[in-house]
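Here is what each chain is made of, one letter per residue.
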Amino acid sequence: MDRTAAATDLQHYYLELSPDPIRFDAVSQLTNVFFDDAKQQVFAVRSGGATGIVVKSATDAQNISFCMEDRGTIRSIKFSPDNQILAIQRNETSVEFVPFTTGGVTQQLQPLVQDMFIHHGKNSIYGFVWVQERQVALISNAGVEIHLLNLDKKSLKSVKSLNMTVNWFSFCPTSNFALLSANMGTILTPILLKASTITKLPRLELGTGQSCSGRDVTLAQLHGTNAIMILKQLQNRQFEVVIYLLNGPGLAPRKSHILRLGQNGRFAMNIVDDVIAVHHQATATSMLFDIALGGVETEPGSGAIIHQPIIPAKTIKPFSLEVPSISLDGQTMNCDLLIDAKLGCLWYVQLKLTTLCTLITDRLRLVEFLLQRTEGKSVLLNVVKEMMTTNYSGTMLPIIESIFNKLNSLYKTVLDSELQSQMALLALTIKSQPQKTISTPRVIIDQSDMYTVVFATMSEYEQLGKILLLYLHSLARHGITPSHELSKQIVIDLVKHKQFVTLEQLLKYSALNESKPLACFLLSLSNSDPSIAQMALDMLARLNAHEIILEVLLEKGQVIEALRMAKEQLPNGADSLPARKYLEAAFKTNEPLIFHSVYSFFQAKNVRLRGSPDFLKHEQCGEYVQHYQNLITSQCL
């Protein structure tokens, strides 16, 4: 394969590893490697700790290194949330706790081995998780127990316990919920772990012959909801992932989604930006699923939505190192990290959104996908803009309209949420129930985004007018008032293509954001067609902008019309009008009859208000009084 073909091929990988992996001592006869997914820390333990323990974090650049006595094989090792206590499990019935202090020239964390203490239990401890800085939950075959650490007394005090038979457990550090297995994996009980609190949720009963093991279960948070994902083999030997969401009454697990893998063998899962990446060992490929997207069908009875992969499976983009196939022998990771203990590397798994834009040919489905991604906004705007180029012609207009409706539906929810928040602030003085928190969509495309990124860059595009009207119609459908910039853009395009009838209809039915600035902008385009000026005046009249209309009429020399309108529309009629301004406008018309009519109008006003036809000195009308006398003398009237 030549270099060009190879480069093109690399563009079609939709998963890649972060460019700078966390490097650590690879697993060997002398080194064991442990990973704490709660703190995303890798522990490289050499010779049981006697020749050194090095801790590296995916979230913190600071490394921790220290030495400890080799007291036997380590099963699990984890720091407390503040890195002040190290918990180590070496056997089934005990856990060691080693306090740490900051000292020395480098201010490195160092263990206080002399202050170490050991908790001995009566039951088989499967593992432990930190609940907070000084509370740890021990999960054993007899249940769960939260202990409070007392460093001064070197002891643990039980503050909460849950007694039940447990075969194995799984834990999700993202939302601190665990899954306890009983009855050989046929009964699964989710629990929430908080400070001094264990909340037992309704259990999930898989039924006879439906048992699962710990390696078949992945816990995660999908789109803000706790999820239990179980790998299950079908009768045809192919596998699927059954997803139970904890969002029903009492957070009971509900069978909600099924991911059809269409393969057999061994699998592992990552959650990357709420996308489920299922890795298949035999083919070294990965499949992507997003439960926020619609499925192909629903399962009879349960109503669970059945999903196929978003696009065909592909391998992860090759890394510059020689990376072996993904190892599935260790712990399945519930986050967006991938660890290779044999190579000594820890990566973030990343989605290549630009590549997915090429591979997902269904544009509407692509938009739905990008709306759920953290970094999807800029990519989505580029996709929308691309769809409106000449490459897609008019056949894409129905799809574009559907996309507009989807974008504006989310946009409307945000506007409504902001309105509710404002109303809640106004009602703060009234004692009421706490306001319900409304989740904000991950990606919002508002009118400003569409105008600045899309429409404003397409001024020469032939179908821009049709697209603008589609967007305007979508806004109206969702009860959203168009912005001034968008309204102005539509006016420019319609005037440019001389679609004056369409413009008149839009203004007649107030489809644009009518405002004084937009009316004035219309007036600036009145040279294109006489009807535009009238459209602007009609808009100003609807806005009750009578002063601006008077200025426009005066500028156009329609002084008589201005006086007539002033008498009908202004609060004080024409009594407050400045005589000089109107006499000046009448003088500029070079029409003696018009000047005479205006002059006579103000004389009558003076008689009515002051009992004399004369103008006062401060009105500065002397030159126009003289002009009127000249007209009388020359018998022009």
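The coordinates are above.
Criteria and cut-off values
- Residues numbered from 1 in each chain as written.
- Predicted model: local features only at pLDDT ≥ 70, side-chain atom pairs only at ≥ 80, totals over all residues.
- Heavy atoms only, no water.
- Helix = DSSP H or I, 4+ residues; strand = E, 2+ residues; numbered from the N terminus.
- Rg over C-alpha atoms; globule rule 2.2 N^0.38 Å.
- Buried < 20%, exposed > 50% of the residue type's maximum accessible area, 1.4 Å probe, protein only.
- Contact = heavy atoms within 4.5 Å.
- Areas by Shrake-Rupley, 256 points an atom, 1.4 Å probe, with all protein chains shown as cover.
- Lys, Arg positive; Asp, Glu negative; His and termini not counted.
- Charge placed at Lys NZ, Arg CZ, Asp CG, Glu CD.
- Pairing = 2+ DSSP bridges.
- Axes fitted to C-alpha atoms, helices over the stretch in contact; angles between N-to-C directions.
- Expected span 1.5 Å × (residues − 1).
- Arc of directions from axis to C-beta.
- Salt bridge = Lys/Arg side-chain N within 4 Å of Asp/Glu carboxyl O.
- Core = buried A, V, L, I, M, F, W, Y, C linked by side-chain atoms within 4.5 Å.

Looking only at helices and strands, the chain has 16 helices and 31 strands in total. For a compact globule of 637 residues, the expected C-alpha radius of gyration is about 26 Å, and the chain comes in at 37 Å, more than 25% above that figure. Of all 637 residues assigned to the chain, the portion counted as buried reaches 45%. Relative to all contacts within the chain whose residues are 6 or more apart in sequence, the contacts with residues 24 or more apart total 51%. Only carbon and sulfur atoms are counted for the fraction: they give 50% of the accessible area of the chain, which is about 32,000 Å². Considering the chain, the positive charge centre built from 57 side chains and the negative charge centre built from 57 side chains are found 5 Å apart.

What follows is about unusual backbone geometry. A positive phi angle, near 50°, is found at Ser47, a position not held by glycine. Along the polypeptide, Ser47 turns up in the loop between β4 (41–46) and β5 (52–57). The backbone phi angle of Ser510 is positive, close to 55°, even though this residue is not glycine. Among the secondary structure elements, Ser510 is positioned in the loop between α9 (500–508) and α10 (516–524). Looking at Ser510, the relative accessible area reads 41%, which means it is partly exposed.

Time to look at the sheet that holds strand β25 (residues 267–272). The strand order across the open sheet built from three strands is β25-β26-β27, with neighbouring strands paired in antiparallel fashion. A strand with exactly one partner marks an edge of an open sheet, and here the two such strands are β25 and β27 (285–289). In this sheet, adjacent strand axes meet at a mean angle of 25° when their direction is disregarded. Where β25 meets strand β26 (residues 275–280), six bridges bridge the pair, whose relative direction is antiparallel. Note on β26: the bridge partner recorded for Ala268 is His279.

Along an α-helix, a turn takes 3.6 residues, which lines up residues three or four apart on a common side. Under the 1.5 Å per step criterion, the end-to-end length of helix α16 (residues 622–633) is 16 Å for 12 residues, consistent within 8% with the ideal 16 Å. Within α16, burial applies to Tyr624, Tyr628 and Leu631. Taken end-on, α16 shows its buried residues confined to a sector of 60°, consistent with a single buried face. Facing away from the buried surface of α16 by more than 90 degrees, the exposed residues are Gly622 and Thr633. For α16, the secondary structure elements touched by its buried residues are α14 (579–588) and α15 (592–610).

Two side chains of opposite charge can pair, provided their charged atoms sit close to one another. Under the counting rule described, the total for this entry stands at 21 salt bridges. For Asp82, the salt bridge goes to Arg134, with nearest N and O atoms at 3.1 Å. Here Asp82 is found in the loop between β7 (76–79) and β8 (85–89), whereas its partner Arg134 is found in the loop between β12 (125–132) and β13 (135–140), with 52 residues between them in sequence. Its relative accessible area of 26% is what places Arg134 among the partly exposed residues. Asp290 serves as the salt-bridge partner of Arg373, at 3.0 Å between the closest nitrogen and oxygen. Highlighted residues: Arg373 in the loop between α3 (363–370) and α4 (376–387) and Asp290 in the loop between β27 and β28 (297–298), separated in sequence by 83 residues.

Of the two faces of β7, both are covered, the one formed by Ser76 and Lys78 as well as the one formed by Ile77 and Phe79. In the sheet, β7 pairs with β8 via four bridges, with the strands oriented antiparallel. If you follow Ile77 over to β8, its bridge partner there is Ile88.

Sheet strands pair via backbone hydrogen bonds, and the direction of the pair is either parallel or antiparallel. Strand order in this open sheet of six strands is β21-β22-β23-β24-β29-β28, and the pairing throughout is mixed. In this open sheet, the two edge strands, each paired with only one partner strand, are β21 (217–222) and β28. Of the pairings in the sheet, the one linking β21 to strand β22 (residues 225–233) comprises six bridges and is antiparallel in character. Residue pairing for β22: Ala220 is matched across the bridge by Ala227.

A separate point is the pairing of β4. Of all six residues that make up β4, five are buried, and the element is covered over most of its length. Direction of pairing for strand β3 (residues 31–36) relative to β4: antiparallel, over a ladder of six bridges. The residue of β4 that forms the bridge with Asn32 is Val45. The antiparallel hairpin formed by β3 and β4 contains four residues in its connecting segment, where Gln40 sits at a positive phi of about 55°. The pairing of β4 with β5 spans six bridges and is antiparallel. From the neighbouring strand, Val42 faces β5, where its bridge partner is Lys56.

What follows is about the nonpolar core. Within the largest apolar cluster, 108 residues are counted, with the highest numbers of intra-cluster contacts made by Phe369, Met388, Phe404, Met450, Phe455 and Tyr582. For Phe404, the contacting residues outside a window of four places in its chain are Val384, Met388, Met450, Phe455, Ile467, Leu470, Tyr471 and Ser474. Membership of the second largest hydrophobic core comes to 19 residues, among which are Ala220, Met229, Phe267 and Met269.

A rise of 1.5 Å per residue sets the reference length of helix α11 (residues 530–542), with its 13 residues, at 18 Å; its end C-alpha atoms lie 19 Å apart and thus fit the reference within 8%. Where the residues of α11 are buried, they touch α8 (484–496), α9, α10 and α12 (546–555). Positioned one or two residues after α11, Asn544 has a phi angle of 55°, which is positive.

No statement about biological role is implied by the geometric values presented.
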